[in-house]
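Listed below are the residues making up each chain.
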Amino acid sequence: MNINLLELWSEMGIPVRVVVVVLTLQAIASLAVAVDRLILLFRSRAVSTRFAADAARPLDEGDFVRVRELASRAQGSHLALGMFAGLDVFLKRSDAGDSTERAADLARRAIERKGESLSTSLHQGMGVLASTGSTAPFVGLLGTELGIINAFQLIAASGSGGIGTSGAAIGEALSVTGYGLCVAIPTVLGFNYLSAKIAQYEQG
């Protein structure tokens, strides 16, 4: 069975078209977020790996100034950002005359605050995936209801209940239901995958 999407679109009523447009926008937004998060994770992991390799020797030697310098240059690395936040506070407080214990405690707090900020950054946009995954099926059902209403209106207008009268409207209703599921299912799978990857990345 061949389905002509252009013909199906041309036969849809305006309310059903609005539903299809909403679903399409949800799908595009979800895809954009998923691609953006994947690129962010890939880039951050790659830069963090290089930073960790470069900073290993200065850390062993206790050259924290050098490590802070390397961290400031590792743009896009969440590991480097957290390291920089802690070392910057530690070195500044040490230079100001604070004890090592005091400086280390302030550095730990700075890292915790930075970690919360970085976690928020990593999860940015994930709400779009969650919302789309949970609402797209219902948006599709709304389109189904509108299509069925349109079918009954056609039957009432023609005075006939034959399939030739209502078949197209019923077909569009079922198509919108399927479209809503096609948007929701990959989005839910993508959300679960990205959530797991982000949690794994945050745990190191």
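Residues numbered from 1 in each chain as written. Predicted model: local features only at pLDDT ≥ 70, side-chain atom pairs only at ≥ 80, totals over all residues. Heavy atoms only, no water.

Asks: Go over the packing of helix H2 (residues 14-61) against helix H3 (residues 64-73) with me, naming the residues and quoting the values.
Replies: Put simply, H2 and H3 touch, their axes get as near as 8 Å, and they point 170° apart. It follows that H2 is roughly antiparallel to H3 by the angle criterion. Crossing geometry of H2 relative to H3 is assigned as right-handed. Here H2 contributes Phe51, Asp54, Ala55, Pro58 and Leu59 to the contact with H3, which in turn contributes Phe64, Arg66, Val67, Leu70 and Ala71. (Axes fitted to C-alpha atoms, helices over the stretch in contact; angles between N-to-C directions. Helix = DSSP H or I, 4+ residues; strand = E, 2+ residues; numbered from the N terminus. Parallel < 35°, antiparallel > 145°, perpendicular 65-115°, else oblique. Left-handed = near helix turned anticlockwise from the far one by under 90°. Contact = heavy atoms within 4.5 Å.)

Asks: How would you explain H3 if you had to name every residue and give the values?
Replies: Of the positions making up H3, those classed as buried are Val67, Leu70 and Ala71. Across the axial projection of H3, the buried residues extend over an arc of 100°, all falling on one side. Next to the buried residues of H3 lie H2 and helix H4 (78-95). (Buried < 20%, exposed > 50% of the residue type's maximum accessible area, 1.4 Å probe, protein only. Arc of directions from axis to C-beta.)

Asks: Can you lay out H2 for me, pointing to particular residues and giving the numbers?
Replies: Over its 48 residues, H2 runs 70 Å from end to end, which matches the ideal 70 Å to within 8%, given 1.5 Å per residue. Along H2, the helix axis deviates most sharply at Ala55, where the bend reaches about 40°; the proline Pro58 sits within four residues downstream. Taken from the residues just after H2, Gly62 is the one with a positive phi, measuring 75°. (Expected span 1.5 Å × (residues − 1). Bend = angle between axes of the 7 residues up to and from the residue.)

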